[in-house]
Amino acid sequence: MGVYAITGGSSGIGAKTVEQLKANGHDVINIDLQKCDIEADLASVEGRQKAIDALHKMHPEGLDGLVCCAGVSGACGNLKLIISLNFFGTISIVKGVYDLLKKKSGTCVMITSNTISQGAARMDIADLLNNNNDDEQRILNLVSKMDGTNLSVGNSIYVATKYAVARWMRRHSATYAANKVRINAVAPGNVHTAMTATMSANAKMALNALPIPTKYGTETLMDAEEIASAIVFLSSHEARGINGVILFVDGGTDALLNTEKVY
């Protein structure tokens, strides 16, 4: 069986992914702030390097897979954290262990969001992230001037980070695949997690306003297991022909809202 590293594996979608990978017989290294194998703050440059160095020390022979689940919502109230963790924390880890993935022709699955197709992103921020992703501090200085207490602002920055992650994945997918590393993204819909459980009443109201066709007639959000199953599939040999894909795992919400969009 293989060796997989996962960020944000202590709760929510990440924890369910860890469960499923272990149930399939894989060794899993969880990188998180607590209850994990490698304690590291991926919102900081130092924390990212700590995690990258630890993975190289633990498995110099390579990794079979990397799953990037660590992130915060737009309702967290900290715009700089959204930028640093959701985008820079994700791509830094992917780039940092790319050599380990190449050694074992591994896979990488990144987490984005089904909101990327709904037009809520600050596209100027997404463009800055994608085209100036070596200048984190400049972008943090820019968003620090915005109102982090405004839920719509927080959500627009959140969606921008998820859009930028998806676009970063697409831009790099061909090169990675040419070096025997498949890279894909999963775009979850609204899911029961600790993140959604602690949202404000207004945030929860906005969340429940988006319909989930597979949950029609209920007020139930999706289960984290549903997202984890898709992640595990994309990480598996059965998905060896899939590369550069953004897989919407949202119960059909994206199809409902964008019925005419087929690509």
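Residues numbered from 1 in each chain as written. Predicted model: local features only at pLDDT ≥ 70, side-chain atom pairs only at ≥ 80, totals over all residues. Heavy atoms only, no water.

A. Here's a closer look at the environment of V186. Relative to the elements of secondary structure, V186 occurs in strand β6 (residues 182–188). Remark: the alpha-carbon pair of V186 and I227, spanning 41 residues in sequence, is separated by 7.9 Å. With residues up to four places along the chain from it excluded, the contact list for V186 reads V109, M110, I111, T112, S113, I227, I231, L234, L247 and V249. (Helix = DSSP H or I, 4+ residues; strand = E, 2+ residues; numbered from the N terminus. Contact = heavy atoms within 4.5 Å.)

B. Examining the sheet that holds strand β3 (residues 38–39) more closely. With parallel pairing, 7 strands are arranged side by side in an open sheet as β3-β2-β1-β4-β5-β6-β7. Where the open sheet ends on each side, the last strands, each with one partner, are β3 and β7 (246–249). Examined bridge by bridge, strand β1 (residues 3–7) and strand β2 (residues 27–32) share 5 bridges and lie parallel to one another. Its bridge partner being in β2, A5 is matched across the sheet by I29. Of the strands in this sheet, β1, β2, β4 (65–68) and β6 are in contact with helix α1 (residues 12–23), which crosses β1 at around 170°. Contacts between helix α10 (residues 224–234) and the sheet are confined to β4, β5 (107–111), β6 and β7, with β6 contributing the most and set at about 170° to the helix. (Pairing = 2+ DSSP bridges. Axes fitted to C-alpha atoms, helices over the stretch in contact; angles between N-to-C directions.)

C. Here's a closer look at the pattern of salt bridges. According to the stated counting rule, one finds 7 salt bridges in the structure shown. For E136, the salt bridge is made with R48, and the minimal N-O distance between the two is 2.9 Å. Note that E136 is positioned in helix α6 (residues 136–143) and R48 in helix α2 (residues 45–58), a separation of 88 residues in sequence. Exposure class is identical for E136 and R48. Each is buried. Two residues, R122 and D124, come together in a salt bridge whose shortest N-O distance is 2.7 Å. Classification of R122 as partly exposed rests on a relative accessible area of 30%. Overall, D124 belongs to the partly exposed group, its relative accessible area being 38%. The network of salt bridges with shared partners includes K16, E19 and E225. (Salt bridge = Lys/Arg side-chain N within 4 Å of Asp/Glu carboxyl O. Buried < 20%, exposed > 50% of the residue type's maximum accessible area, 1.4 Å probe, protein only.)

D. Highlighting the nonpolar core. L66, I83, V94, M110 and I125 are the most contacted members of the largest nonpolar core, which totals 53 residues. Broken down by element, the residue count for this core peaks at 10 residues, all from helix α7 (residues 151–178). Setting aside residues up to four positions removed in sequence, L66 forms contacts with A5, I93, V94, V97, L101, T107, C108 and V109. Counting 22 residues, the second largest nonpolar core, distinct from the first, contains V191, I212, M222 and V232. (Core = buried A, V, L, I, M, F, W, Y, C linked by side-chain atoms within 4.5 Å.)

E. Representation of the pairing of β4 within the structure. Burial of the side chains of β4 extends over both faces: G65 and V67 are buried on one face and L66 and C68 on the other. The pairing of β1 with β4 spans 4 bridges and is parallel. Paired with A5 across the two strands is L66, which belongs to β4. Pairing of β4 with β5, which is carried by 4 bridges, proceeds in the parallel orientation. Bridged to C68 within β5 is M110.

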